[in-house]
Amino acid sequence: MEIKASKGTRDILPPEVEDWQLVEETSRRIFALYGFREIRTPIFESTDLFVKSTGSDTDIVTKEMYTFTDRAGRSVTLRPEGTPGVVRAALEAGLLRRLEAERFYYIGPMFRYERPQKGRYRQFSQIGVELLGSAHPAADAEVMEMALALFSSLGIGDARLQINSVGHAECRATYRVALREALVPHRDRLCPDCQRRLDVNPLRILDCKVPGCAALKEKAPSILDHLCDDCRTHMSRVQEALRALDVPFTINPRLVRGLDYYTRTTFEVASGGLGAQNALCGGGRYDDLVASMGGPPTPAFGFAIGADRLVMLLGAVVEGQRARPACPSPADVYIVHLGQAGFDEAFRAARALRSRGVATLFDPESRDLKKQMSRASACGARYTIIIGDSEIERRAYALKRMSDGIQKDVAAGQWDEITREVTHGGQQRVGA
Ligand code: ATP
Ligand code: MG
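Since we're looking at a predicted model, the values are computed, not measured.

Draft legend 1. Local environment of the sheet that holds strand β10 (residues 279-285). Strand order in the open sheet formed by eight strands is β1-β5-β6-β11-β10-β9-β7-β8, with mixed pairing between adjacent strands. Looking at the sheet topology across the chains shown, the edges are occupied by β1 (37-38) and β8 (250-251). In this sheet, strand β11 (residues 300-306) lies alongside strand β6 (residues 123-132) in antiparallel orientation, the contact comprising seven bridges. From the neighbouring strand, G128 faces β11, where its bridge partner is A304. Against the sheet, helix α1 (residues 16-33) touches β1, β5 (102-111), β6 and β11, its axis set at about 0° to β6. Docked against the sheet, helix α5 (residues 137-153) engages β5, β6, β7 (159-165), β9 (265-271), β10 and β11, running at close to 20° with respect to β11.

Draft legend 2. Seen up close, the side chain of T58. Within the secondary structure, T58 sits in the loop between α2 (47-53) and α3 (59-64). Within the structure, T58 has its side chain in polar contact with the backbone oxygen of G55 (distance 2.7 Å). Engagement of the side chain of T58 in a polar contact is seen with the backbone nitrogen of V61, the distance being 3.2 Å. Those residues in contact with T58 that lie beyond four places of it in its chain are R204, G258, L259 and D260.

Draft legend 3. A look at the layout of surface pockets. By volume, the second largest pocket is sized at about 370 Å³. Around the second largest pocket, the lining is made up of 21 residues, and of these R172, R176, D260, Y261 and Y262 lie nearest the centre. Breaking the lining of the second largest pocket down by element, the ones donating at least two residues are α2, α6 (169-183) and α10 (289-292). Top contributing element to the lining of the second largest pocket by residue count: α6, with three residues. Classifying every residue of the lining of the second largest pocket gives nine nonpolar, five polar and seven charged.

Draft legend 4. Local environment of the packing of aromatic side chains. Across all of its chains, the model carries eleven aromatic pairs by this definition. On the numbers, 6.2 Å between centres and 90° between planes, the contact of F267 with F303 is edge-to-face. Highlighted residues: F267 in strand β9 and F303 in strand β11, separated in sequence by 36 residues. Overall, the relative accessible area of 2% leaves F303 in the buried class. For the ring pair F343 and F347, a centre distance of 6.0 Å and an interplane angle of 65° mean the geometry is edge-to-face. Highlighted residues: F343 and F347, both in helix α12 (residues 339-355), separated by four residues, approximately one helical turn.

Draft legend 5. Region of interest: the site of ligand 1. Neighbouring ligand 1 are 15 residues, the closest being R112, E114, Y121, R257 and A279. One of the side-chain nitrogen or oxygen atoms of E114 is found 2.6 Å away from a nitrogen atom of ligand 1. L280 places a main-chain nitrogen or oxygen 3.5 Å from an oxygen atom of ligand 1. Considering ligand 1 on its own, with 580 Å² of exposed area, one finds that the protein chains cover 92% of that surface. Listing elements by their share of the shell around ligand 1, those giving two or more residues are β6, β10 and β11. Ranked by residue count, the leading element in the shell around ligand 1 is β10, at three residues.

Draft legend 6. Seen up close, the pattern of salt bridges. All told, the structure shown has 28 salt bridges when counted by the stated rule. R10 is the salt-bridge partner of E16, the closest N and O atoms lying 3.9 Å from each other. A residue is classified by how much of its surface remains accessible, and R10, at 31% relative accessible area, is partly exposed. Note that D59 and R197 form a salt bridge whose closest N and O atoms lie 2.7 Å from each other. Placement of D59 in helix α3 and of R197 in helix α7 (residues 192-200) is noted, with a sequence separation of 138 residues between them. Through salt bridges with shared partners, a single network forms among D59, K63, D193 and R197.

Draft legend 7. A look at the packing of α1 against α5. At a minimum axis distance of 10 Å, the contact between α1 and α5 shows a crossing angle of 140°. Comparing the axis directions of α1 and α5 gives the class oblique. Relative to α5, the crossing made by α1 is right-handed. The residues of α5 that touch α1, namely those facing T26, S27, R29, I30 and F31, are M146, A149, L150 and S153.

Draft legend 8. Just the environment of V87, in detail. Along the polypeptide, V87 turns up in helix α4 (residues 83-92). V87 sits in the buried class, given a relative accessible area of 0%. Taking the C-alpha atoms as reference points, V87 and R197, separated by 110 residues in sequence, lie 28 Å from one another. When neighbours within four sequence positions are excluded, V87 is seen to be in contact with L132, Y286, L289, V290 and M293.

What counts, and at which threshold
Residues numbered from 1 in each chain as written. Chains lettered and ligands numbered in written order. Predicted model: local features only at pLDDT ≥ 70, side-chain atom pairs only at ≥ 80, totals over all residues. Heavy atoms only, no water. Pairing = 2+ DSSP bridges. Helix = DSSP H or I, 4+ residues; strand = E, 2+ residues; numbered from the N terminus. Contact = heavy atoms within 4.5 Å. Axes fitted to C-alpha atoms, helices over the stretch in contact; angles between N-to-C directions. Polar contact = N/O pair within 3.5 Å; in protein donor to acceptor, adjacent residues only side chain to side chain. 1 Å grid on protein atoms, 1.4 Å probe; cavity = no way out; pocket = protein on both sides within 12 Å on 5 of 7 lines; lining within 4 Å. Points joined across faces, edges and corners; volume = space filled by probe spheres on them. Nonpolar A, V, L, I, M, F, W, Y, C, P; charged D, E, K, R; others polar. Phe/Tyr/Trp six-rings, centres within 6.5 Å; stacked < 30°, edge-to-face > 60°. Buried < 20%, exposed > 50% of the residue type's maximum accessible area, 1.4 Å probe, protein only. Near = heavy atom within 4 Å. Areas by Shrake-Rupley, 256 points an atom, 1.4 Å probe, with all protein chains shown as cover. Salt bridge = Lys/Arg side-chain N within 4 Å of Asp/Glu carboxyl O. Parallel < 35°, antiparallel > 145°, perpendicular 65-115°, else oblique. Left-handed = near helix turned anticlockwise from the far one by under 90°.

Right, here's the structure in full:
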């Protein structure tokens, strides 16, 4: 029986993994500039956490969770999204009673039982941030601008920001009535899920991806016409702040998100380069979530970027420009050894060079000079060092620069000198 990767999961191999590293390193660097620090929470949590925060009527909770019973009979779930775990962790550590807003980011796998397709997987990775403890519209703008700063520093030129406001609970209650009234006459054209949603949670219909339901969105009234004064003011302050930062955006009054906890601002960043699954990042304000989880009233704002889609885009951008960052060679130095003494010395030499930061490989299996030399060039090593009986006797190794074949002797055991030779400073001097 041949065992394959599970449906909706995949392996990330070199060189793609180097794009992942670039995305992760760039995210860390940008987020740090905005005062965000990393938080790492467990991959699984008690199922209740997601039912209570993500929302019991969301697709995520009703259809997509990987839930199982552990050996002691507890119901646990592989996290489908990051926010609930971060809020739980912050509450558990007592972090939310401070004056300053807390700024966290996370990078890691999420799990949703979805229909796998390009850009949609069952295990995927999100890069998310949560700003806990500010109600100010400037916080919304600052965090959205940060997402765009990340995309632009990765060279993604066509990231488009759409914003909306879903108001607070009372605005939504009046909107829900209006939305229901507008859609009831079209009940028959809704998918079975949305027919049920029409009665329990009509806002969810706006997020349905079934084509018939998506078409009916046109008939939906605008939630922006149902905002209370405070929510309306918040929305216009967010827009002012974005304009002040020169961040282009459009308003999409039908943008609701697939999670129950959002209040006021919601947003999405999409890219034309992605095809059907074009959402790169989604998020918004969640002013009531922390309190609903038993914490102190803590207005908050966050987003999650789909890292798989970001890496996909990056691959396209980089290919277009033919500027993929040079894939680091696995070895600066390949040690070719001959005879038992040569092998013993190769082992010590590798350790000595590695401890000085020189990436070093050698092949313990092979005793054949030609084979070792061809492996050295196959793996892209920049230098080889040849160590055999005669080299050990002479107390000098042959150091060969692979790019032009120029060879010179270096004194045995002089690791610092050899390190200098094989790192930039030494390059000119070889063979000179
Ligand atoms: P979508 O509309 O694509 O289903 P979503 O509204 O479910 O996205 P969020 O829960 O807000 O998305 O997650 C934020 C981002 O995570 C999305 O914009 C997307 O880039 C990414 N994402 C969500 N689900 C998946 C998945 N199954 N596979 C890969 N990326 C995903
Ligand atoms: Mg989804």
